[in-house]
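In case you want the letters, here they are:
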Amino acid sequence: MRQLTGVPASDGIAIGPVFVYSVEVPPVERRQVPDPALELQRFDDAVTAVTERLIQIEQETKGGYSAEDFEILEVQRMLLTDDEYGGVIRTRIETERVNAEAAVEDVTRNLAQEFSEVEDDYFSQRAADIRDIGGRLLRTLANVADIDMAHLDRPVIVYAHDLTPSDTISFDPAKILGLCTETGSATSHTAILARSLGVPAVVGVGAAEITDGEEIVIDGGEGLVLVAPTQQMRGQYEVRMQQYSLERDALIGEAHEPAVTTDGRALEVVANVGSVVEAERAVELGAEGIGLLRTEFLFLERRQLPSESEQYEIYRRVADLYGDKPVIVRTLDVGGDKQLPSVKLPHEQNPFLGHRAIRLCLERTELFQTQLRALLRAGFERNILIMLPFVSTVPELKRALEQVEAARETLRANSEPYNPETKVGIMIEIPSAAVMADKLAPYVDFFSIGTNDLCQYTLAADRTNEQVAHIASPFDPAILRLIHMTIEAGHAHGKWVGMCGEMAGNQLALPLLLGLKLDEFSMAPAAVPAAKHRLRTLSQSDCVSVAGQCLDCEDAEAVRAILEGVQRDLPEDS
Ligand code: PEP
Ligand code: MG
């Protein structure tokens, strides 16, 4: 048995066989070949296999794809036999007498390079298509099976170096027992996706030798991974897994009760979601609305951003699930570790500090206007609120609000039904915004604190880097002071303040956040039942003094010690 330690990313225990997920292109060995005809045959066989696979993808994924997406699959198929690509590869094999892999690698690189040099979205997308098809050919030539995550024959624990949001969309959630990645921190998007799939996950375990099919145990609460566990260990974890599931069932049983503290304060417990399916699941788990709809996750598989009417339809569907309850939709937040195939971002030295989220929307106003119009229209007779991400200064906020006004004007001029009163709030996730919260507050209807980014920017610790994960603690007093300032500033201007960063669903943090007088708690749907349960056991007035002690601490350890003390003193069944 081997034990690995990583970052706890999603609670729960999973036991099962490992599926090693890797889409790396195998390294190419360059060789001269004595018989080019044989090599041509290998290449032609690979072309046939890739063509068949593309047709299969096309047939199986019809539901979620648009006409443009099908065109791309078709263009990729045509490339394989096209004179400029497939044809050049064949000529190279024949004239230079090199192996098929070397010819594919060279021609793919050259052609993709030519396309990417043209400053145009269409051509750079073609470059990505060429690299994609080249990778498929190389994997086929190396007999590396294409990973088909939509048709796993048994439930597995996925193990990967890293998982991007676009990797995970092809996963069949019913077959995923858990996730384990070599990189990442608790707030990296891999971890957030694991929580939204509702499966246990441990991230940032570092490079580990795990082979396909090996049995592992994941303890998502402790951040532990046991590879090839002994019979005894396995038995112990099976018992814990059963206990965990019984406790969970009990919490779900009372999830629809309101979250009112012992001294009568009613709190709003809402969910963070990235899809309509997740929004449905959140209703079942007792969420009283949506505190964060990450719209970029809705568009992950799209080669082009959806039209205004397609977006309207999605926002309308989510809002209809919640009736009068609030549904807060965040405008496009791309950049950093979230890339969309439909939004081309320029290469930047440091994308986390770059031209992302609201900054990009203020430049690509056509994209922003489309989304704003869809939201204002969907808000007609529905409780949709708009939330702007990544605001760093007052002038930036004013420019964004002008855009909202421009969208209203267009709709007014076109006599389209829309909600002129749609509330607009901002995320407080950049330290400058927290510091300036009193100046930002008069312009907005609400704040929602994004602790994931607030921690990474305040403590200068990349949220995707497991080496510095421990530094970016939401319990650091620097973060607590910024949260405190934000809540005070919001309340002084009569605005409510919520939190949609991962801290809001953290059991240990709840007494502290309650004591700081947070109004709304937004979290992964799976965390809702336990958070509501815990809030019902707390008293606002007791928590105020806990928060005061925490604000006065020197470091995160001291804050945790106070909160662990509070946890220990809670009644047995809570
Ligand atoms: C945050 O930064 O805390 C947040 C909720 O947004 P995201 O995790 O999508 O960056
Ligand atoms: Mg953020």
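Please refer to the structure placed before this passage.
In this text the structure is predicted, and so the values were computed from the model without any measurement.

1. Structural notes on the overall build of the protein
In terms of helices and strands, the protein carries 22 helices and 17 strands. Taken over the C-alpha trace, the protein has a radius of gyration of 25 Å; the compact-globule value for 574 residues is 25 Å, and the two agree within 12%. Each principal axis of the C-alpha atoms in the protein carries an extent, and together these give about 85 × 70 × 40 Å. A buried classification covers 54% of the 574 residues belonging to the protein. Considering only contacts in the protein between residues 6 or more positions apart, those separated by 24 or more positions represent 69%. By element, 50% of the accessible surface of the protein is carried by carbon and sulfur atoms, the whole surface being about 24800 Å². Averaging the positions of the 53 positive and the 92 negative side-chain charges in the protein gives two centres separated by 2 Å.

2. Looking at the coordination of the magnesium ion (ligand 2)
Surrounding the magnesium ion (ligand 2) are the protein donor atoms E429 (OE) and D453 (OD), which sit 2.0 to 2.1 Å from the metal. With E429 in the loop between strand 14 (424-428) and helix 15 (431-435) and D453 in helix 17 (residues 451-458), this residue pair connects regions lying 24 residues apart in the sequence. Comparing E429 with D453, the two get one shared label, buried.

3. Brief notes about the site of ligand 1
Neighbouring ligand 1 are 16 residues; R294, R330, G450, N452 and R463 lie closest to it. In the environment of ligand 1, an oxygen atom lies 2.8 Å from a nitrogen or oxygen atom belonging to the backbone of N452. The protein chains hide 100% of the 290 Å² of surface that ligand 1 would expose on its own. Looking at the shell around ligand 1, the elements that each hand over two or more residues are helix 7 (189-197), strand 11 (290-294) and helix 17. Residue contributions to the shell around ligand 1 peak at 3 residues, all from helix 17. Residues of the shell around ligand 1, tallied by class, amount to 4 nonpolar, 5 polar and 7 charged.

4. With respect to the packing of helix 13 (residues 365-378) against helix 14 (residues 394-413)
The geometry of helix 13 relative to helix 14 is characterised by a closest axis approach of 9 Å and an angle of 60 degrees between their N-to-C directions. Seen from above, helix 13 lies across helix 14 with right-handed handedness. For the pair helix 13 and helix 14, the contacting residues are T365, F368, Q369, L372, R373, L376 and R377 in the first and A400, Q403, V404, A406, A407, R408, T410 and L411 in the second. Here the residues of the contact of helix 13 with helix 14 are counted per class, giving 8 nonpolar, 4 polar and 3 charged.

5. Let's talk about the environment of L480
Along the chain, L480 turns up in helix 18 (residues 477-492). On the basis of relative accessible area, L480 is assigned to the buried category, the value being 0%. Each residue touching L480, except ones within four places of it in the same chain, is listed here: P474, F475, M503, L512, C550, L551 and V559.

6. A few points about the nonpolar core
Counting residues in hydrophobic clusters, the biggest one holds 105 residues, and the most contacted among them are Y315 and L388. Ranked by the residues each element gives to this core, the list is headed by helix 13, at 7 residues. Not counting residues within four places of it along the chain, the set of residues in contact with Y315 comprises L293, T295, L298, F299, V329, Q371, A374, L375, A378 and I384.

7. Quick notes on the packing of aromatic side chains
Per the stated rule, a full pass over the model turns up 2 aromatic pairs. Measuring from centroid to centroid gives 5.7 Å for F390 and Y457, while their planes differ by 70 degrees, and the two rings are edge-to-face. Taken as a pair, F390 in the loop between strand 13 (384-388) and helix 14 and Y457 in helix 17 lie far apart in primary sequence, 67 residues in all. Here F390 matches Y457 in class, with each residue buried.

Conventions used here
Residues numbered from 1 in each chain as written. Chains lettered and ligands numbered in written order. Predicted model: local features only at pLDDT ≥ 70, side-chain atom pairs only at ≥ 80, totals over all residues. Heavy atoms only, no water. Helix = DSSP H or I, 4+ residues; strand = E, 2+ residues; numbered from the N terminus. Rg over C-alpha atoms; globule rule 2.2 N^0.38 Å. Buried < 20%, exposed > 50% of the residue type's maximum accessible area, 1.4 Å probe, protein only. Contact = heavy atoms within 4.5 Å. Areas by Shrake-Rupley, 256 points an atom, 1.4 Å probe, with all protein chains shown as cover. Lys, Arg positive; Asp, Glu negative; His and termini not counted. Charge placed at Lys NZ, Arg CZ, Asp CG, Glu CD. Donors = N, O, S within 2.8 Å, 3.2 Å for Na, K, Ca; no water. Near = heavy atom within 4 Å. Polar contact = N/O pair within 3.5 Å; in protein donor to acceptor, adjacent residues only side chain to side chain. Nonpolar A, V, L, I, M, F, W, Y, C, P; charged D, E, K, R; others polar. Axes fitted to C-alpha atoms, helices over the stretch in contact; angles between N-to-C directions. Left-handed = near helix turned anticlockwise from the far one by under 90°. Core = buried A, V, L, I, M, F, W, Y, C linked by side-chain atoms within 4.5 Å. Phe/Tyr/Trp six-rings, centres within 6.5 Å; stacked < 30°, edge-to-face > 60°.

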